[in-house]
Amino acid sequence: MISAIVADIGKVLLGKEHQVKLALACLLSRGHLLIEDLPGMGKTTLAHALAQVLGLSYKRVQFTSDMLPADILGVSIFERESGQFRFHEGPVFSQLLLADEINRSSPKTQSALLEAMEERQVSVDGETRPLPEPFFVIATQNPLHQSGTFALPESQLDRFLMRISLGYPTREAERALFQGVDPRAQLQSLKPRIDGATLQKMQRLVGQVKASDSLLDYLERLVLHTRQSPECAIGLSPRGALALLHAARAWALIHGRGHLLPEDIQAVLPSVAGHRLQSEGGDGTQLVERLLHQVDVIAA
Amino acid sequence: MKTEERLPRESLLWIFAAQFAALLPNFAFLPLWIVGAWGFAVYWRLEVFRGRRDLPGRTVKLLAVLLAVGGLLLSYRHWFALEPMVALLAVSFTLKNLELVNRRDAFLSLLLAYFVAATLFVFEQTIPYALYGCLCIVIITSALAAQLGSYSASPRRALGLSLRLLAQAVPLMVLLFIVMPRLGPLWAVPQNSSGSTTGISDSMSPGDFTELSKSDKPALRISFDGPVPPPEQRYWRGLVYSVFDGRRWSLGVEDEGGQRQWHRSQRPLPEVGPRYRYRVIQEATNSRWLFAMARPHSTTDGVVETFDDRLIRRAPVYGRFAYEVRSWPRETLNDVVPLSAVERRRNLQLPRDGNPRTRTWIRELRGRGLDAEKISAELLDFYHRQFTYTLKPPALGGDSVDEFLFNSQQGFCEHFASSYVFAMRAAGIPARVVAGYQGGEWVEQEKYLLVREYDAHAWAEIWTPARGWQRVDPTAAVSPERIRDGLQSAAADEFMEDSLLPLHRISILNRLRLQWDMINYRWYQTVISFDSDQQQSLLKSLLGDITPLRIAVLLAIPAAIALLGILAWLWFSGRGARAPVTSRLYRKFCRRLARAGIERLPGEAPRDFARRVRAERPQLAPMVDHITAAFEKAAYSGDPMAEKQLRRLLRRFWPMRTAGKS
């Protein structure tokens, strides 16, 4: 079933099977996804396709610099007929929320969304309202050097289970894109493969993927390396390590295995740890590459 | 003064704790004002810490020094002795508290504390004190450890650190104890002991021995090399009383002087071999006499033989003292040394008058023409028929011998010995009172004889032309069990009945006490009396022949073992936990492939590696795929059978050969 989902999305987003699987793994391990890329690379397409295939209610918010938290969370409005306040739900009350260009909005708005992501509930006017289940945020952000962006602080980056970037399509994929039909039309034709309840069942299955001692040893070695290596300015936090394990489990499930292999960890590590680690120079992407080469898979 | 140099609170408390620990046992020996001064100095320093007072100025300090010196001058008259020296150390220790400002002062004070703690062993060398000394060292070292670093360490850490440090030093200590040359003291400081300990004294008057019978302190511990004398032969002679003033027996003036002592070369040893060879460990008596059976000879340094067959030490016995003795019982010697005129006069001396009834009675006996042996037998028979042995005799008046012999007829050893010698002298037979210990408890486990204070005894010796000096114990005529079984059974009802609790009646406590004495004995034998002779013999038994090379080997072997141990410890602690079996098996597989020319990269997962092997060496592919699958199953999916399969596959996997064949 999962391979069918991957294949369906692959029809819309050509040649990005790895990223699609990562996004799916992120969703299965109940995490939120940050896509960092240039405009026009297919971020929105991916989010939309996921929502379609998984049968989730989907809303999209375009973040702007003048946006307020109420624009996302919702607001209570006085209704004359009933003579009382009624809460109008914001776009956050959906199963899959695409927060487009999240780094364009002010930190205040960003943090309102990120809080909702973490707590999976919204408190407005002293009343706490739960968000629908499953709840999944795909945020996109432009590379930071672009003008008019507010960088997400580390603590908020940490809320995202994964950060991926789609990158330019391969030559074949781009040629197919030129020759093929409009992806938007394709998108409309996608049928839901599963519904929300099935998705939740699959999320529970992720937790049952077995992690052996040998594998946990490898995980520990990786985490320890990030904390001890002089290259890393900030090591992986316990939350980061746990995220890594969850994501790897989802990855194993996507590949139809009931137990974890080192490859699962290696596959998800760049997207899980990349935005959490910091090297002296700045970003942790290259750091993760080196980490994967330096830490021995087999215990010594 | 910079603030970071100031002593923090914990440092101060540690220093005071260390000082207190080091001084505590010395408080018993020091004058009381030093204790008070120390307390006052500590109080002042604490007040300084709390900001209520300033550190004393120059004048106050000068005044304190003057007061202290004055106090020392008043307290001690003899300066050239150990106790004033220790007191001086304690005083300087105390005064240093008044200028305890920075870390350097703290170090100074603590290093001084080691020294003060060491002086404890000048006075006491028993096990409890040794343990206390160890405790002191631990506390002082902890105090030192707590001074390190920019802030004070927590007490637990400091204590742990010091314990670890000292534990590491123990092997070195043992080694140095065994190997370091034992030097005699360069100069001896006379010990000044005002308080005399209980024990036999240089004179005997009625009632002295009842005091001794109340004490169960050990007096002698004797181990034998060869035969052990039977109980009735165990007479440990210490003192000979030859002067009687009507009431009190004493040594006589000239006896302790040097001219009557026999130096080693002056008196020929008997030609026959000695019957008993033994080693006596004597507790401190603060006097010079030693205890041995007649006729003794000692080869220990500083021990001389007197001509009335006793041993005397040149210096008083201030601490436990061990000496080797050989004894020839008098009956084994044939030659009778004639009695000189001076000796005859000394041993016939009696006060001019007093005790008339005894004198008349003896005159009667002499009138019957009895000789020395007969008179003695008559007396002993008289004792045997009419006298009772008791530790609580009625008090005697002026003519003590008369009253004892004809009125009270109750008493114990000193009464019998005293009246017997008086009677014999009255009969014109040279006689003397001998005091010492009789009997002792045989400790089977450790093979030594334990003689306690209550074994103190007095008996008599008479001289006859035919046999020379011979021992007569009049107490044996009255109470043979006193001689055979000891005081405890001879006077069971009266024995130590004044003690607060009748603990000696509880047998388990007696056994425990004996155990404790055995431990003490062993402690003394192995540790305290470890002198250069014992060191030589131990080294000889270890090395065979003592050469510099062998000593170097003796030192080098433990050092090498210790270093190897440390190396092994570092090696194992650095390695961390051992890798699981499957990982080790997979590594074996990787090593074999590496020899065949394909090396796995550290970050390469098994499946990726297998893919690479398949690409580079297609002929190995099936085997590698199997092994990788088995490994994945064993390591990651927890299949118990897979490990066996992995082993089996690995046994058949020799890529070198496969590669070589193809």
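Since we're looking at a predicted model, the values are computed, not measured. (Residues numbered from 1 in each chain as written. Chains lettered and ligands numbered in written order. Predicted model: local features only at pLDDT ≥ 70, side-chain atom pairs only at ≥ 80, totals over all residues. Heavy atoms only, no water.)

### With respect to the packing of helix α10 (residues 213-228) of chain A against helix α13 (residues 285-294) of chain A
The relative placement of two packed helices is expressed as an angle between their axes plus a distance between the axes.
Residues and elements named next belong to chain A.
Phase 1: At their nearest, the axes of α10 and α13 sit 10 Å apart, and the two run at 130° to each other. By the angle between their directions, the pair α10 and α13 is classed as oblique. For α10 against α13, the interelement crossing comes out right-handed. Within the contact between the two elements, α10 uses Tyr 218, Leu 222, His 225 and Thr 226 and α13 uses Leu 291, Leu 292 and Gln 294.
Phase 2: Of the residues belonging to the contact of α10 with α13, the class tally is four nonpolar, three polar and no charged. (Axes fitted to C-alpha atoms, helices over the stretch in contact; angles between N-to-C directions. Helix = DSSP H or I, 4+ residues; strand = E, 2+ residues; numbered from the N terminus. Parallel < 35°, antiparallel > 145°, perpendicular 65-115°, else oblique. Left-handed = near helix turned anticlockwise from the far one by under 90°. Contact = heavy atoms within 4.5 Å. Nonpolar A, V, L, I, M, F, W, Y, C, P; charged D, E, K, R; others polar.)

### Some words on the packing of aromatic side chains
Residue and element names in this part refer to chain B.
Phase 1: The full count for this structure, using the stated rule, is 30 aromatic pairs over all chains.
Phase 2: Relative to Trp 44, the ring of Phe 40 lies with its centre 5.9 Å away and its plane at 85°, an arrangement referred to as edge-to-face. Placement of the pair is Phe 40 and Trp 44 together in helix α2 (residues 32-49), with a separation of four residues, close to one helical turn.
Phase 3: Measuring from ring centre to ring centre gives 5.1 Å for Trp 361 and Phe 382, while their planes differ by 50°; the resulting arrangement is tilted. Residue Trp 361 is located in helix α10 (residues 356-367), and its partner Phe 382 is located in helix α11 (residues 372-386); the two are separated by 21 residues in the primary sequence. As far as the burial class goes, Trp 361 and Phe 382 line up, both buried.
Phase 4: An aromatic cluster of three or more residues is present, and its members are Trp 361, Phe 382, Tyr 383, Phe 387, Phe 404, Phe 406 and Phe 416.
Phase 5: Note that Arg 53 overlies the ring of Trp 44, its terminal NZ or CZ placed 6.0 Å from the centroid. (Phe/Tyr/Trp six-rings, centres within 6.5 Å; stacked < 30°, edge-to-face > 60°. Buried < 20%, exposed > 50% of the residue type's maximum accessible area, 1.4 Å probe, protein only. Lys NZ or Arg CZ within 6 Å of the ring centre and 35° of its normal.)

### Describing unusual backbone geometry
Phase 1: B:Ala294 connects to B:Arg295 through a cis peptide bond whose omega is -20°.
Phase 2: Mapping B:Arg295 onto the fold places it in the loop between β7 (276-282) and β8 (296-298).
Phase 3: For A:Glu101, which is not a glycine, the phi torsion comes out positive at approximately 50°.
Phase 4: Looking at the element boundaries, A:Glu101 is found in the loop between β5 (96-100) and α5 (107-119).

### Things to note about the interface of chain B and chain A
Where interface size is quoted, it is often the accessible area lost as the parts come together.
Phase 1: Contact residues are listed per partner, giving 20 residues for chain B and 21 residues for chain A.
Phase 2: In this assembly, chain B packs against chain A so that about 1,700 Å² is buried in total across both faces, 54% of it on carbon and sulfur atoms.
Phase 3: Where chain B packs against chain A, one counts two salt bridges.
Phase 4: Across the salt bridge formed by B:Arg600 and A:Asp296, the nearest N and O atoms sit 2.6 Å from each other.
Phase 5: Counting across the chain B and chain A interface gives nine residue pairs in polar contact (both at pLDDT 80 or more).
Phase 6: For the side of chain B that touches chain A, the elements supplying multiple residues, two or more each, are α20 (581-595), α21 (606-616) and α22 (621-636) of chain B.
Phase 7: For the side of chain B that touches chain A, the residue count by class is nine nonpolar, five polar and six charged. (Buried area = accessible area lost by both parts, 1.4 Å probe. Salt bridge = Lys/Arg side-chain N within 4 Å of Asp/Glu carboxyl O. Polar contact = N/O pair within 3.5 Å; in protein donor to acceptor, adjacent residues only side chain to side chain.)

### With respect to the pattern of salt bridges
All names here are of chain B.
Phase 1: Overall, the coordinates contain 40 salt bridges over all chains when judged by the stated rule.
Phase 2: A salt bridge links Arg 237 to Glu 461; the nearest nitrogen and oxygen atoms lie 2.9 Å apart. Linking Arg 237 in strand β3 (residues 235-241) with Glu 461 in strand β17 (residues 456-464), this pair joins segments that are 224 residues apart in sequence.
Phase 3: On the accessibility criterion, Glu 461 (1% relative accessible area) is buried.

### Thoughts on the environment of B:Leu269
All names here are of chain B.
Phase 1: Along the chain, Leu 269 falls in the loop between β6 (261-262) and β7.
Phase 2: With a relative accessible area of 35%, Leu 269 lands in the partly exposed category.
Phase 3: When residues no more than four places from it in sequence are discounted, the contact partners of Leu 269 are Arg 295, His 297, Arg 326 and Trp 328.

### Comments concerning the confidence of the model for chain B
Residues and elements named next belong to chain B.
Phase 1: For chain B, per-residue confidence averages 81 on the pLDDT scale, and 88% of positions sit at 70 or higher.
Phase 2: Every residue in residues 188-198 scores below 50 in pLDDT, and together they form 23 contacts with partners more than four places removed in sequence or on other chains.
Phase 3: Confidence drops under a pLDDT of 50 for residues 255-259, and excluding neighbours within four residues, the segment shows eleven contacts in the predicted structure. (pLDDT = per-residue confidence, 0-100.)

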